[in-house]
Amino acid sequence: MNEPTLLEPGLVAKDTTSINAYFPLPGLGLLPINAFLINAQQPVLVDTGLASMGKQFREQLYNLIDPADLQWIWITHADPDHLGNLKDILNDAPNARIVTCYLGMGKMGILGIPLDRVYLLNPGQQLDVGDRKLLAVSPPTYDAPETCGLLDTKNHTLFSADSFGALMQEPSESAEAMNTDALREGCIKWATIDAPWLSKIDNASFSDSLSDISRLNATTILSSHLPPARGINSELFSYLMDATRAPRFFGPDQAALEKMMAA
Ligand SMILES: [Fe+2]
Ligand SMILES: [Fe+2]
């Protein structure tokens, strides 16, 4: 796979569909970029994909739901792979409000996204979406301070934003179907890229933050950057602990980039 590719959406947990893309990172592999639709009584879109695949992304989304029915757009954080199509979807979905925190609202304001449709939520608070409550959760790793994942308290699905992502060599239906060594290596590599601070933190306090996530008893972990993961929570937690001992990632420099482009 040499260019960003959207696959067909798929059911990844009860009431939850994934719109999943793979983005090639030269020399590193494929990065999954997932958004999710929770078919709650008040439907929730979690993140909005990449702008470069906007038309196709919106076609897939609007095949799943009439945009007029969309009530909430939960932005896990204001990175371009999470809010790529936010402006267009806000236009198409007049009843939808953005869920974010104060800092996320500020960043989106700088990017020109209208703030009069924002609903502010902090970790530990809940959003009532009619037939269930969504608990705002701080994931154990992140690359932006506003990052806020969520737990669907009805079916115990955890949406972990960038956390528990992995670089992959080929697409997979699920994380548990991947070769264990490839999954471990891909998770560690992604964690060192996305959270370069991991190598500097105190292992005991990081272990505490993993315990906080473990206590949520998620049946499925839906990362923005991993296929759906079921029944492998402790493995994913251990890979993040391993990442604290891995060397910090530095990307290719200009000479290496030119070599790659020539190849
Ligand atoms: Fe990010
Ligand atoms: Fe991301």
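See the structure printed just above.
Residues numbered from 1 in each chain as written. Chains lettered and ligands numbered in written order. Predicted model: local features only at pLDDT ≥ 70, side-chain atom pairs only at ≥ 80, totals over all residues. Heavy atoms only, no water.

Chemist: Hey, could you run me through the overall build of the chain in this one?
Modeler: Looking only at helices and strands, one finds eight helices and 14 strands in the chain. Summarising its shape, the C-alpha atoms of the chain cover approximately 45 × 45 × 35 Å along the three principal directions. Buried positions account for 52% of the 263 residues belonging to the chain. Carbon and sulfur atoms make up 51% of the accessible area of the chain, which amounts to about 11,900 Å² in all. (Helix = DSSP H or I, 4+ residues; strand = E, 2+ residues; numbered from the N terminus. Buried < 20%, exposed > 50% of the residue type's maximum accessible area, 1.4 Å probe, protein only. Areas by Shrake-Rupley, 256 points an atom, 1.4 Å probe, with all protein chains shown as cover.)

Chemist: Is there a simple way to explain the pattern of salt bridges in this structure?
Modeler: In a structure, side chains of opposite charge can pair up when their charged atoms sit close to one another. Applying the stated criterion across every chain, the model contains 13 salt bridges. Taking the shortest distance from any N to any O, the salt bridge between K14 and D15 comes out at 4.0 Å. In this structure, D131 and K154 form a salt bridge, with 3.6 Å as the shortest nitrogen-oxygen distance. Here D131, found in the loop between β9 (126-128) and β10 (133-137), pairs with K154, found in the loop between β11 (149-152) and β12 (157-159); they are 23 residues apart in sequence, far enough to count as distant. (Salt bridge = Lys/Arg side-chain N within 4 Å of Asp/Glu carboxyl O.)

Chemist: Before we go on, may I ask you to explain the sheet that holds β10 in this structure?
Modeler: The strands making up a sheet are joined through hydrogen bonds of the backbone, oriented either antiparallel or parallel. Strand order in the open sheet made by the six strands is β9-β10-β11-β12-β13-β14, with mixed pairing throughout. Taken across any chain shown, the strands that pair with only one partner, and hence form the sheet edges, are β9 and β14 (229-230). Where β9 and β10 come together, three bridges link them in antiparallel fashion. If you follow L127 over to β10, its bridge partner there is L134. (Pairing = 2+ DSSP bridges.)

Chemist: I'm lost on the side chain of N34 in this one. Help?
Modeler: Here N34 lies in strand β4 (residues 29-38). Given a relative accessible area of 5%, N34 falls into the buried group. A distance of 3.0 Å separates a polar atom in the side chain of N34 from the backbone oxygen of S223. Aside from chain neighbours lying at most four places away, what touches N34 is S18, I19, N20, A21, S223, S224, H225 and L226. (Polar contact = N/O pair within 3.5 Å; in protein donor to acceptor, adjacent residues only side chain to side chain. Contact = heavy atoms within 4.5 Å.)

Chemist: Help me out: how do you make sense of the coordination of the iron ion (ligand 1) in this one?
Modeler: Each donor-metal-donor angle in an ideal tetrahedron of four donors is 109.5 degrees, and each such angle in an ideal octahedron of six donors is either 90 or 180 degrees. Protein-derived coordination of the iron ion (ligand 1) comes from H77 (NE2), D79 (OD), D143 (OD), D143 (OD) and D162 (OD), at a distance range of 2.0 to 2.4 Å. Between the donor residues of the iron ion (ligand 1), the gaps in sequence give the motif H-x1-D-x63-D-x18-D. In this structure, the iron ion (ligand 1) lies 3.4 Å away from the iron ion (ligand 2), the two metals sharing D162 as a donor. The same class applies to H77 and to D79, which are both buried. (Donors = N, O, S within 2.8 Å, 3.2 Å for Na, K, Ca; no water.)

Chemist: Whenever I open this one, the coordination of the iron ion (ligand 2) confuses me. Can you help?
Modeler: Every protein donor of the iron ion (ligand 2) is listed here as D81 (OD), H82 (NE2), D162 (OD) and H225 (NE2), and their distances to the metal cover 2.1 to 2.3 Å. Around the iron ion (ligand 2) sit four donor atoms, and with donor-metal-donor angles ranging over 83 to 170 degrees the site reads as irregular. On the accessibility criterion, D162 (2% relative accessible area) is buried. Judged by relative accessible area, H225 falls into the buried class, the value being 0%. (Tetrahedral: all angles 85-135°; square planar, octahedral: opposite > 155°, others 65-115°.)

Chemist: Help me understand the packing of aromatic side chains in this model?
Modeler: The description of an aromatic ring pair rests on the distance of the ring centres and on the angle between the ring planes. Enumeration according to the criterion identifies four aromatic pairs in this entry. On the numbers, 5.5 Å between centres and 75 degrees between planes, the contact of F36 with F159 is edge-to-face. Taken as a pair, F36 in strand β4 and F159 in strand β12 lie far apart in primary sequence, 123 residues in all. In this pair, the class of F36 matches that of F159, namely buried. (Phe/Tyr/Trp six-rings, centres within 6.5 Å; stacked < 30°, edge-to-face > 60°.)

Chemist: I'm lost on the packing of helix α5 (residues 180-194) against helix α7 (residues 233-244) in this one. Help?
Modeler: Each pair of packed helices can be described by the angle between their axes along with the distance between the axes. As a packed pair, α5 and α7 sit with axes 9 Å apart at the nearest point and diverge in direction by 50 degrees. By the angle between their directions, the pair α5 and α7 is classed as oblique. With respect to the hand of their crossing, α5 and α7 are arranged in right-handed fashion. Counted together, T180, L183, R184, C187, I188, A191 and T192 of α5 and L236, Y239, L240, D242 and A243 of α7 form the full contact between these two elements. Residue classes in the contact of α5 with α7 are distributed as eight nonpolar, two polar and two charged. (Axes fitted to C-alpha atoms, helices over the stretch in contact; angles between N-to-C directions. Parallel < 35°, antiparallel > 145°, perpendicular 65-115°, else oblique. Left-handed = near helix turned anticlockwise from the far one by under 90°. Nonpolar A, V, L, I, M, F, W, Y, C, P; charged D, E, K, R; others polar.)

Chemist: Even after reading the chapter, I still don't get helix α6 (residues 203-214), so can you show me in this structure?
Modeler: Every α-helix winds through 3.6 residues per turn, so residues three or four apart in the chain are directed the same way. In this model, α6 (twelve residues) spans 16 Å end to end at C-alpha, consistent with the 16 Å of a helix rising 1.5 Å per residue. Regarding α6, the residues found buried are F206, L210 and I213. The arc that holds the buried residues of α6, viewed along the axis, is 50 degrees, so those residues lie on one side. Summarising the contacts, the buried residues of α6 are in contact with β10, β12 and α7. (Expected span 1.5 Å × (residues − 1). Arc of directions from axis to C-beta.)

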